[in-house]
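# A structural walkthrough
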Amino acid sequence: MKKLLDLKETGKMLLDAKQIALAIHMSPDGDAIGSALALARVLRAYGKEVTIFVDDIIKGFKFLPDIKTIKIDADLDKITEPLHFDLLCILDCSTINRIGRIKEKVLADKYLNIDHHISNEGFVDYTYLDGDAAATAEIICQLAKAMQWTVDKQTANYLFTGLYTDSGSFAYSCTRPETMCAGAELLQAGAEPHKIDEAIDVMDKDTLWLLTKALNTMTFDFDGRLAYMWVDREIYAAKQKSADTDSFVNYPRRIEGVEVAVFFKEVDENITRLSMRSKKIDISKIALLFNGGGHERAAGCTIHKPLKEAIADFLSVIKDRIDN
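Bear in mind that the values here come from a model prediction, so they are computed numbers and not experimental data.

Now for the sheet that holds strand 6 (residues 126-129). Strand order in the open sheet made by the 6 strands is 1-6-5-4-2-3, with parallel pairing throughout. Looking at strand neighbours, the two that pair on one side only are strand 1 (3-4) and strand 3 (49-53), the edges of this open sheet. In the packing of helix 1 (residues 7-16) onto the sheet, contacts are made with strand 1, strand 2 (19-23), strand 4 (83-91), strand 5 (106-115) and strand 6, and the angle to strand 5 comes to roughly 150°. Against the sheet, helix 2 (residues 30-45) makes contact with strand 2, strand 3 and strand 4, and its axis sits at roughly 170° relative to strand 3, the strand it touches most.

Next up, the structure:
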């Protein structure tokens, strides 16, 4: 039987477990990474054995301490028999597909999902969901306050990174008074926003090279209301281990008259990942059509087709929504 938990029930479930696995979504962003590192640090202070998993490579965020403790896809490759934990807590995911192979490689007695996406499918037995929160990091801040957990400087930096990235530097429409209050409390705990901003704002040469390739594909449709760009499998393969594409979708988003912006990334022969941003349309519903998820204004999904077919499928779906 599925159950929606409150904050204290969520905290109790975490503290009742001894061996805990934390799972975050593929193409992990600052919110997923920051929330997981923060929660792991708090739980370890209570003597818990905590392991973080992601079925992907982590790009960027190298400035965060403990980032190398996260088990990535290469570590999952080495797991021949499923690992077993008391609790698997899935963070910042609205659907089970977002954690990839972790659902087969990591098993647990209980499964908990902590999330802030309105498209959440309620895919495990126990869920804490706040669809109004700007970030999962905001929920972890609330959880820490409800449980009277100590948030030290390092934990504050992890959580501020999550808040800062998912709220668009506190500028996106998801930012609410509670988001700003959480940010203020993290500042009081020692968070260093200037250092976080400087680290996130840096673009390495490989990312810049890939961005120039993507910008050259910029395409407009529906009288300029849709803008999209892409990188194909060959181009992406040249820099996939070093380049960070998280910010690419923001370039078409900034163009005057554009209501929906999309970045297509062909990561394998039949796998194309989409990052979407919107100013008017609820694109979380579009993401759900492709087993993805997200928010009304920011969402993502994976289409299991080559790049050209994925673009065609997306255009066929978005047409009626833009026309209306």
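This part takes up the side chain of Arg273. If you trace the backbone, Arg273 turns up in strand 10 (residues 271-278). The class for Arg273 is buried, based on a relative accessible area of 18%. Among the polar contacts made by the side chain of Arg273, one reaches the side chain of Ser27 at a distance of 3.1 Å. Once residues lying within four places of it in the same chain are set aside, the contact partners of Arg273 are Met26, Ser27, Asp56, Phe263, Phe264, Lys265, Val267, Cys301 and Thr302.

Attention now goes to the pattern of salt bridges. On inspection of all chains with the given rule, the structure shows 18 salt bridges. In this structure, the salt-bridge partner of Arg101 is Asp77, at a minimum N-O distance of 2.7 Å. Residue Arg101 is found in the loop between strand 4 and helix 4 (102-105), and its partner Asp77 is found in helix 3 (residues 73-77); the two are separated by 24 residues along the sequence. Linking Glu185 and Lys145 is a salt bridge whose minimum nitrogen-to-oxygen distance equals 2.6 Å.

Structurally, Ser119 is set in the loop between strand 5 and strand 6. Accessibility expressed as a relative area gives 5% for Ser119, which makes it buried. Not counting residues within four places of it along the chain, the set of residues in contact with Ser119 comprises Ser94, Ser284, Leu288, Gly293 and Gly294. Engagement of the side chain of Ser119 in a polar contact is seen with the backbone nitrogen of Gly294, the distance being 2.9 Å.

Let us now look at empty space enclosed by the protein. A full pass over the atoms with the stated rule returns 2 cavities of 30 Å³ or more. Empty space within the largest cavity amounts to approximately 110 Å³. What lines the largest cavity is Ser27, Pro28, Asp56, Ile57, Ile58, Lys59, Tyr236, Asp244, Thr245, Asp246, Lys265 and Arg273. The residue inventory of the lining of the largest cavity, partitioned by class, reads 4 nonpolar, 2 polar and 6 charged. Considered as a void within the structure, the second largest cavity measures approximately 30 Å³ in volume. Lining the second largest cavity are Ala38, Val42, Ile140, Ala144, Trp149, Val151, Thr155 and Leu159. When contributions to the lining of the second largest cavity are tallied by element, the ones reaching two or more residues are helix 2, helix 5 (136-147) and helix 6 (153-166).

Per the stated rule, a full pass over the model turns up 10 aromatic pairs. Their ring planes at 70° and their centres at 6.3 Å tell us that Tyr164 and Phe170 sit as a pair that is edge-to-face. Here the aromatic residues Tyr228, Trp230, Phe264 and Phe314 are joined through ring pairs into a cluster of three or more. Lys239 extends its terminal NZ or CZ atom over the ring of Trp209, reaching a point 5.2 Å from the ring centre.

Conventions adopted
Position numbers for residues count from 1 along each chain, tracking the sequence in the order it is written. Local features in this predicted model are restricted to residues whose pLDDT is 70 or higher, and side-chain atom pairs enter the listing and the counts only when it is 80 or higher, whereas totals over whole chains, interfaces and linings include all residues. The basis for every side-chain value is the complete set of heavy atoms in the structure, and neither hydrogens nor water enter the calculation. The rule for pairing is simple: two strands pair if DSSP sees at least two bridges between them. For the purposes of this entry, the term helix denotes a DSSP run of H or I that reaches at least four residues, the term strand denotes a run of E that reaches at least two, and both are numbered from the N terminus. Residues count as neighbours in contact if any of their non-hydrogen atoms are within 4.5 Å of one another. Only C-alpha atoms enter the line fits that serve as axes; for helices the fit covers just the stretch in contact. Angles between N-to-C directions range over 0 to 180 degrees. We call a residue buried when its accessible area falls under 20% of the maximum for its residue type, exposed when it is over 50%, and partly exposed in between, using a 1.4 Å probe and counting protein chains only. Any N or O atom pair separated by 3.5 Å or less is treated as a polar contact, with the protein-specific requirement of one donor-capable and one acceptor-capable atom, and with residues adjacent in sequence counted only for side-chain atom pairs. A side-chain nitrogen of Lys or Arg and a carboxyl oxygen of Asp or Glu constitute a salt bridge if their distance falls within 4 Å. Of the grid points, spaced at 1 Å and generated over the protein atoms alone, those admitting a 1.4 Å probe that cannot get out make up cavities, while open sets with protein on both sides within 12 Å along at least five of seven lines make up pockets; any residue with an atom within 4 Å of a point is treated as lining. Grid points are joined across faces, edges and corners, and a volume is the space filled by probe spheres set on the points. For this classification, Asp, Glu, Lys and Arg are treated as charged, while Ala, Val, Leu, Ile, Met, Phe, Trp, Tyr, Cys and Pro are nonpolar and the rest, including Gly, are polar. The aromatic pairing rule takes the rings of Phe, Tyr and Trp, using the six-membered ring of Trp, and pairs them if the centres are within 6.5 Å, calling planes under 30 degrees apart stacked, those over 60 edge-to-face and the rest tilted. Look at NZ for Lys and CZ for Arg. If either is within 6 Å of the ring centre and within 35 degrees of the ring normal, a charge sits over the ring.

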